[in-house]
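A structural walkthrough
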Amino acid sequence: GLIIFPYALLTMLAIGLAFLTYSGLFATIKISEQEVPALKLAFERHQGPYNQIGPIIERVCKRVADETHQDPSRAFGFYLDSPETTKEDQLRSILGCVVDDEAVANRLRAAGMLLEIPARKALVTHFPFHGMASMFLGMMRVYPKLFPEAERLGYKDAPLLELYGSRERVLEYQITKREALGPL
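As a starting point, this report considers the structure included with it. Just so we're clear, the structure is a prediction, and the values are computed from it rather than from any experiment.

Tracing the backbone shows valine 60 in helix α2 (residues 54–68). Discounting chain neighbours no more than four positions away, the residues touching valine 60 are Ala42, Phe43, Glu44, Leu95, Gly96 and Cys97.

So, in structure tokens, the structure goes:
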């Protein structure tokens, strides 16, 4: 019994390390300034803690899936305020999913439920996406590199757009200067 314990513990640790590696623990973080395409976003606005956004994103994406009869290609969170400088109950975000279908975009636009973000220059980085562990590892690994780089390049107090999931299985982080976004 006691002889097997160290091997079982080592096996569990190896499996845990393999899972974290798969989820992005050792992924390379490359940040570049680049032109990003325009986006059409089905959305809801939220004010309050960022850790309460999941159900809102799911609700918007379900509405779009019901409308299009297919799952949206990507969900998003657009975080307008820094939790370091804004009270938690005052944090503003825009949440939902990317709309690729022009007919759906037209219906959402007519209903006032479509946010159109123009093509623009942004700081961009990518991180592997393999579920919730990747999202948490992304925050721990990407934020400490992305935000100082944004500050250094003049993207002070710029909102963060996170695009979740894709056929490529990546999280995409974009920081864009507010003036390039138009009215939010």
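Moving on to helix α1 (residues 4–22). Taking 1.5 Å of rise per residue, the 19 residues of α1 would be expected to cover 27 Å, and the 27 Å separating its terminal C-alpha atoms lies within 8% of that figure. One or two residues past the end of α1 sits glycine 24, with phi positive at roughly 115 degrees.

To continue, consider the pairing of strand β7 (residues 160–164). For β7, a buried count of five out of five residues is recorded, marking the element as mostly surrounded by other parts of the structure. Because side chains alternate across β7, one face comprises the buried residues Leu160, Glu162 and Tyr164, and the other comprises Leu161 and Leu163, equally buried. Both strand β3 (residues 75–79) and β7 contribute to a ladder of five bridges, which runs antiparallel. Across the sheet, alanine 75 pairs through a bridge with tyrosine 164, a residue of β7.

A few words on the pattern of salt bridges. In the structure shown here, the tally under the stated rule is nine salt bridges. Here arginine 59 and glutamate 44 are joined by a salt bridge, their closest N and O atoms 2.7 Å apart. Residue arginine 59 is located in helix α2, and its partner glutamate 44 is located in strand β2 (residues 39–47); the two are separated by 15 residues in the primary sequence. Two residues, glutamate 151 and lysine 156, come together in a salt bridge whose shortest N-O distance is 3.6 Å. By relative accessible area, which is 47% here, glutamate 151 ends up partly exposed. Relative accessible area serves as the criterion here: at 53%, lysine 156 is assigned to the exposed category. Each of the salt bridges in this network shares a partner with another, and the network as a whole consists of Lys40, Glu102, Arg109 and Glu116.

Conventions and cut-offs
- Residues numbered from 1 in each chain as written.
- Predicted model: local features only at pLDDT ≥ 70, side-chain atom pairs only at ≥ 80, totals over all residues.
- Heavy atoms only, no water.
- Helix = DSSP H or I, 4+ residues; strand = E, 2+ residues; numbered from the N terminus.
- Contact = heavy atoms within 4.5 Å.
- Expected span 1.5 Å × (residues − 1).
- Buried < 20%, exposed > 50% of the residue type's maximum accessible area, 1.4 Å probe, protein only.
- Pairing = 2+ DSSP bridges.
- Salt bridge = Lys/Arg side-chain N within 4 Å of Asp/Glu carboxyl O.

Keep in mind these numbers describe shape, not what the thing actually does.
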